[in-house]
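Below, each chain spelled out in residue letters.
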Amino acid sequence: AQTVTQSQPEMSVQEAETVTLSCTYDTSENNYYLFWYKQPPSRQMILVIRQEAYKQQNATENRFSVNFQKAAKSFSLKISDSQLGDTAMYFCATYNNNDMRFGAGTRLTVKP
Amino acid sequence: GAGVSQSPSNKVTEKGKDVELRCDPISGHTALYWYRQSLGQGLEFLIYFQGNSAPDKSGLPSDRFSAERTGGSVSTLTIQRTQQEDSAVYLCASSLMSPQLRTGELFFGEGSRLTVL
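**Digging into the state of the cysteines**
Covalently bonding the sulfur atom of one cysteine to the sulfur atom of another cysteine gives a disulfide. Scanning the entire structure with this criterion turns up two disulfides over all chains. Disulfide pairing is shown between C23 of chain A and C92 of chain A; the S-S distance is 2.0 Å. Handedness here is read from the sign of the S-S torsion; for C23 of chain A and C92 of chain A, about -70°, the answer is left-handed. Here C23 of chain A, found in the loop between β3 (19-21) and β4 (24-26), pairs with C92 of chain A, found in strand β10 (residues 88-96); they are 69 residues apart in sequence, far enough to count as distant. By relative accessible area, C92 of chain A is classed as buried at 0%. Disulfide pairing is shown between C23 of chain B and C92 of chain B; the S-S distance is 1.9 Å. The sign of the S-S torsion, about -65°, decides the handedness of the disulfide formed by C23 of chain B and C92 of chain B: left-handed. Linking C23 of chain B in strand β3 (residues 19-24) with C92 of chain B in strand β8 (residues 88-95), this pair joins segments that are 69 residues apart in sequence. We note that C23 of chain B, like C92 of chain B, is buried.

Rendered as structure tokens:
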């Protein structure tokens with residue numbers, strides 16, 4: 001079974017600054033996907049970024065980027081130039097063969 | 001609409017009553033997941049449907065929980081004899097699974113908030 005650990009229950013960052021959210025995982029699979037999802041107060045889960053485990057290059061989506069360390073089973077999310085709209089719960093997830101597992105989440109608050 | 005639709009949005013019930021939560025996935029999506037999110041907690045996997053295959057029920061917390069998916073589309077999650085610890089947001093998600101698109105991206109509904117008094 002896959003497990004995902006997010007060790008930071010809450011974090012805060014000043015607007016326009018950079019913040020990094022941590023995630024570690026455990027899986028016996030060699031081919032899998034990793035995701036970061038965002039859940040704003042509206043409860044709607046939104047995909048932020050996706051990484052294929054077989055790709056060494058770190059994924060980037062505008063202000064969002066990941067630091068994927070496969071050997072260490074680490075998948076952190078960096079948010080640059082933080083905006084007030086980034087305030088949300090952030091969930092790390094692993095996916096393999098129809099099995100999607102989520103971490104406990106990190107509540108991020110962006111302060112003006 | 002084009003997204004995943006869940007109903008009811010909010011449900012308040014008395015302990016011991018049965019409740020049904022409904023999920024309409026995105027048309028054409030063959031995979032459907034149910035998750036439970038307790039206050040301030042992560043997403044707890046409950047059950048997974050994929051096409052006509054037998055569902056993966058490994059996450060259901062007790063035999064009071066059951067789910068079905070009719071015609072490969074709409075799904076209903078049923079909780080019998082509800083308990084206060086069942087209070088949570090129940091999220092449904094669907095995914096398009098095909099040999100060409102095994103990316104695993106899930107599309108979520110807005111959830112059904114269940115409160116058991």
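Additional details are given in the paragraphs that follow.
**Focus: the environment of L47 of chain A**
Counting through the fold element by element, L47 of chain A comes out in strand β6 (residues 46-52). Relative accessible area serves as the criterion here: at 22%, L47 of chain A is assigned to the partly exposed category. Through-space distance from the C-alpha of L47 of chain A to that of F91 of chain A is 9.5 Å; in sequence the pair is 44 residues apart. Setting aside anything within four residues of it in sequence, one finds L47 of chain A in contact with F35, W36 and Y37 of chain A together with E105 of chain B.

**Topic: the sheet that holds strand β7 (residues 75-79) of chain B**
All names here are of chain B. The four strands are arranged β1-β3-β7-β6 in an open sheet whose pairing can be described as antiparallel. The outermost strands of the open sheet, each flanked by one partner alone, are β1 (5-7) and β6 (65-69). Neighbour-to-neighbour, the strand axes of the sheet open up by a mean angle of 15°, direction not taken into account.

The rules behind the values
Residues numbered from 1 in each chain as written. Chains lettered and ligands numbered in written order. Predicted model: local features only at pLDDT ≥ 70, side-chain atom pairs only at ≥ 80, totals over all residues. Heavy atoms only, no water. Disulfide = S-S within 2.5 Å. Helix = DSSP H or I, 4+ residues; strand = E, 2+ residues; numbered from the N terminus. Buried < 20%, exposed > 50% of the residue type's maximum accessible area, 1.4 Å probe, protein only. Contact = heavy atoms within 4.5 Å. Pairing = 2+ DSSP bridges. Axes fitted to C-alpha atoms, helices over the stretch in contact; angles between N-to-C directions.

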